[in-house]
Amino acid sequence: MSIRSFLRFALNGAIHEVSGADASMMLADYLRTRLYLSGTKIVCAEGDCGACTVLRAFPGTGKVRELRFEPINACITMLAQLDGSHLISVEALAQDQTLSPVQDAMVRQQGSQCGYCTPGFVMALCGLFEKCTTKPDAQTVKNHLTGNLCRCTGYTPIVEAALSLDPESLPPLAERFVTSRVVKALKETQSVAVDVTTPHGKILAPVHFADVSTLVKKYPKASLLASGTDLGVQLNKGKRQLGDIISLHLVPELYQSTQKGSLYQFGAKVTLEEVRVRCAKGIPEFSSLLNVFASPQIKNSATLVGNIANASPIGDTLPFLLVADGSVTVAKKRGTRDIPMTELFLGYRKLALKDDEWISSVAFRAPQKTELLRLYKAATRKDLDISTVSMAMLFDLKRNRKDNRLVIKSARLALGGVAAIPLRLPKVEAFLQDKILDQVLVDEAQRILQESIQPLSDHRGSSAYRRLLVQGYFQQYCDEIMQRQEVEHAAAHS
């Protein structure tokens, strides 16, 4: 089996090979200190401000010539993750001493003042127009810029710059940067495993599914790298050392996403953006949650499996997965097994995985026609913020034959942010089962609900505040159902 001792990627149309200590660098640091491409700025080093935005294309299981460039945060992205990718930095946009259309629009609309954030905005807008086939409206532009901060302009001239552009006049960046030489190099890169030694540990990247388990067993303390959006922050802030890394980016099976009826399944390398798009029709409630989960830059890198494996009690997707019959497939050298989400979390950031097991995919189902799914999240701000409390509720409803009132056939409730692990609430669920929904029932369920939780207090909110949030969300969900019943009753008798 062929193994290479270097990382290879394309940058602005040129092939780069990196080995040794440089292979463990963050992309933004590499661009600025090794290549002297200082247009990519480092401000927060957490992936929050967008000043470090660059464009990345990675074929995954697709065709190299069909690459589409998407914005990512260079400050928290390791070079190890970019092996086999094509990158574009802001320096490459201008051509023949002429600004690109996006840069020119920013100048014409006075979208830059101090200028420090401007390269990031330009790259984010280029990413927007990479996927826009029609002229975006102002809200679409704002949504796409949620990962970019500006303290000077008030954003209006930046939005106006985007609205002044015609997507049809902007050719795909692949037409300019993806050459035959690049195609050949990236194809070769994807087929050869990586073993790079750095002062901080090894960077390993297998190309076969089975080889992941082999490496996990051989390097039991290694970190599995899917996207590293949390790992990158920890490294930048000195919270941990790098150590050995097993990157999953060269394993084709991990990019698979399937839907069979109401069942969805996503591999460990499927990004949150891909999940959001795939679920938009069948599970719009979950897709809407992902809209505010993170910035486009983060969603283009972060994975759903990564959010699970991180095992944070405030992981935004976890309450949904707990009520949606979620399960993970874990692999080891001798095969795979499935673990229901309800059995996965054993303690704070502790999963029910054996030492040689790793999560290869996640599956869940869409609500049925008789089920109502609602997802709630309380945070300091709407977009891109850590949850204080998150809650998922799913009732399966039927009609009482006697008076046509709604009966809760079954109930599922899950909470994040109130304990060391995300919680299902079996006592509340059992109490609600096969009962007619009215306010008397809701009041009694509220009492059982409050008895079932012991919320923590921290800098995001006190225990009492979290109790109020849980109480309010449960009442809001039940009110929606009862009000719907009243409207239907009134319509039937009008």
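Now for a description of the structure that goes with this document. Computed from a predicted structure; not experimentally measured. Sequence order as written defines residue numbering, which begins from 1 separately in each chain. Local features are withheld for residues below a pLDDT of 70 in this predicted model, meaning they are given only at 70 or higher, and side-chain atom pairs are given and counted only at 80 or more; totals for whole chains, interfaces and linings count all residues. As a rule here, side-chain values cover all heavy atoms of the structure and leave hydrogens and water aside.

### So, the side chain of T303
Okay, so step 1: Only DSSP runs of H or I covering at least 4 residues are called helices, and only runs of E covering at least 2 are called strands; the numbering of each starts at the N terminus. The residue T303 is located in the loop between α13 (296-299) and α14 (304-309) in this model.
Okay, so step 2: Among the polar contacts listed, one links the side chain of T303 to the backbone nitrogen of G306, at a separation of 2.9 Å.
Okay, so step 3: For this analysis, residues touch if any pair of their heavy atoms sits within 4.5 Å. Once you skip the residues sitting within four places of it in the chain, T303 turns out to touch A226, S227, A268, K269, V270, T271 and L272. N or O atoms within 3.5 Å of each other form a polar contact, as long as, within protein, one can give a hydrogen and the other can take it, and as long as residues adjacent in sequence are counted only when both atoms are side-chain atoms.

### Remarks on the sheet that holds strand β17 (residues 358-365)
Okay, so step 1: Any two strands with at least two DSSP-identified bridges between them are counted as paired. An order of β11-β12-β17-β13-β14 is seen for the five strands of this open sheet, with the pairing classed as antiparallel. Both outer strands of the open sheet, β11 (257-260) and β14 (335-340), are each paired with one neighbouring strand and no more. Between one strand and the next, the sheet's axes are offset by a mean angle of 20 degrees, whatever the strand orientation.
Okay, so step 2: Relative to β17, strand β13 (residues 327-332) is paired through five bridges, and the arrangement is antiparallel. By the bridge assignment, A331 is partnered in β17 with W358.
Okay, so step 3: Contacts from helix α11 (residues 272-279) reach β11, β12 (263-267) and β17, with the element oriented near 165 degrees to β12. Working convention: axes come from line fits to C-alpha atoms, limited for helices to the stretch in contact. Angles between N-to-C directions cover 0 to 180 degrees.

### Notes on the packing of helix α3 (residues 101-108) against helix α4 (residues 118-131)
Okay, so step 1: Where α3 meets α4, the closest approach of the two axes is 9 Å, and the angle between their N-to-C directions is 125 degrees. Accordingly, the angle class assigned to the pair α3 and α4 is oblique. Viewed along their axes, α3 and α4 form a crossing whose handedness is right-handed. Seen from α3, the contacting residues are V102, Q103 and M106; seen from α4, they are T118, F121, V122, L125, C126 and F129.
Okay, so step 2: A breakdown of the residues in the contact of α3 with α4 according to their chemical character gives seven nonpolar, two polar and no charged. Small angles under 35 degrees read as roughly parallel and large ones over 145 as roughly antiparallel, with 65 to 115 read as roughly perpendicular and the rest as oblique. Should the near helix be turned anticlockwise from the far one by less than a right angle, the crossing is left-handed, and should it be turned clockwise, the crossing is right-handed. Residues were grouped as follows: Ala, Val, Leu, Ile, Met, Phe, Trp, Tyr, Cys and Pro as nonpolar; Asp, Glu, Lys and Arg as charged; and all remaining residues, including Gly, as polar.

### Notes on the environment of E188
Okay, so step 1: Tracing the backbone through its elements, the reader meets E188 in helix α8 (residues 180-190).
Okay, so step 2: It is 35 Å that separates the C-alpha atoms of E188 and L145, two residues lying 43 residues apart in sequence.

### What to know about the pattern of salt bridges
Okay, so step 1: Any carboxyl oxygen of Asp or Glu within 4 Å of a side-chain nitrogen of Lys or Arg constitutes a salt bridge here. Here the structure, examined in full by the defined rule, presents 22 salt bridges.
Okay, so step 2: Here R108 and D104 are joined by a salt bridge, their closest N and O atoms 2.8 Å apart. One end of the pair, R108, and the other, D104, are both in helix α3, four residues apart, so they sit about a helical turn from each other.
Okay, so step 3: In this structure R108 comes out as partly exposed when scored by relative accessible area, which is 45%.
Okay, so step 4: Between E444 and R447 there is a salt bridge, with the nearest N and O atoms lying 2.4 Å from each other. Relative accessibility under 20% of the residue-type maximum defines a buried residue, over 50% an exposed one, and the middle range a partly exposed one, all with a 1.4 Å probe and only protein chains included.

### Some words on the environment of Q485
Okay, so step 1: Structurally, the position occupied by Q485 is in helix α18 (residues 463-492).
Okay, so step 2: As a C-alpha pair, Q485 and P101 span 384 residues in sequence and 53 Å in three-dimensional space.

### Describing empty space enclosed by the protein
Okay, so step 1: Using protein atoms alone on a 1 Å grid, points that fit a 1.4 Å probe yet trap it form a cavity, whereas open point sets bounded by protein on both sides within 12 Å along at least five of seven lines form a pocket; residues with an atom within 4 Å of a point count as lining. Grid points are joined across faces, edges and corners, and a volume is the space filled by probe spheres set on the points. In the structure shown here, the tally under the stated rule is one cavity of 30 Å³ or more.
Okay, so step 2: Roughly 50 Å³ of internal volume is contained in the largest cavity.
Okay, so step 3: Forming the boundary of the largest cavity are L289, D316, P319, F320, L375, Y376, K377, S390, M391 and A392.
Okay, so step 4: Classifying every residue of the lining of the largest cavity by side-chain character gives seven nonpolar, one polar and two charged.

### Some details on the sheet that holds strand β6 (residues 86-88)
The strands making up a sheet associate through hydrogen bonds between their backbones, and the pairing can be parallel or antiparallel.
Okay, so step 1: Taken together, the five strands give an open sheet; going across it, the order is β3-β2-β6-β4-β5, and neighbouring strands pair in mixed fashion. Edge positions in the sheet fall to β3 (14-18) and β5 (70-73), since each of these pairs with one other strand and no more. Within this sheet the neighbouring strands show an average axis-to-axis angle of 40 degrees, counted without direction.
Okay, so step 2: Across three bridges, strand β4 (residues 53-57) lies against β6 in antiparallel orientation. Residue pairing for β6: R56 is matched across the bridge by L87.
Okay, so step 3: Lying over the sheet, α4 contacts β4, β5 and β6, oriented at roughly 30 degrees with respect to β4.
Okay, so step 4: Sheet contacts for α8: β2 (7-11), β3 and β6; angle to β2, the most-contacted strand, approximately 155 degrees.

Taken by themselves, the reported measurements are silent on function.
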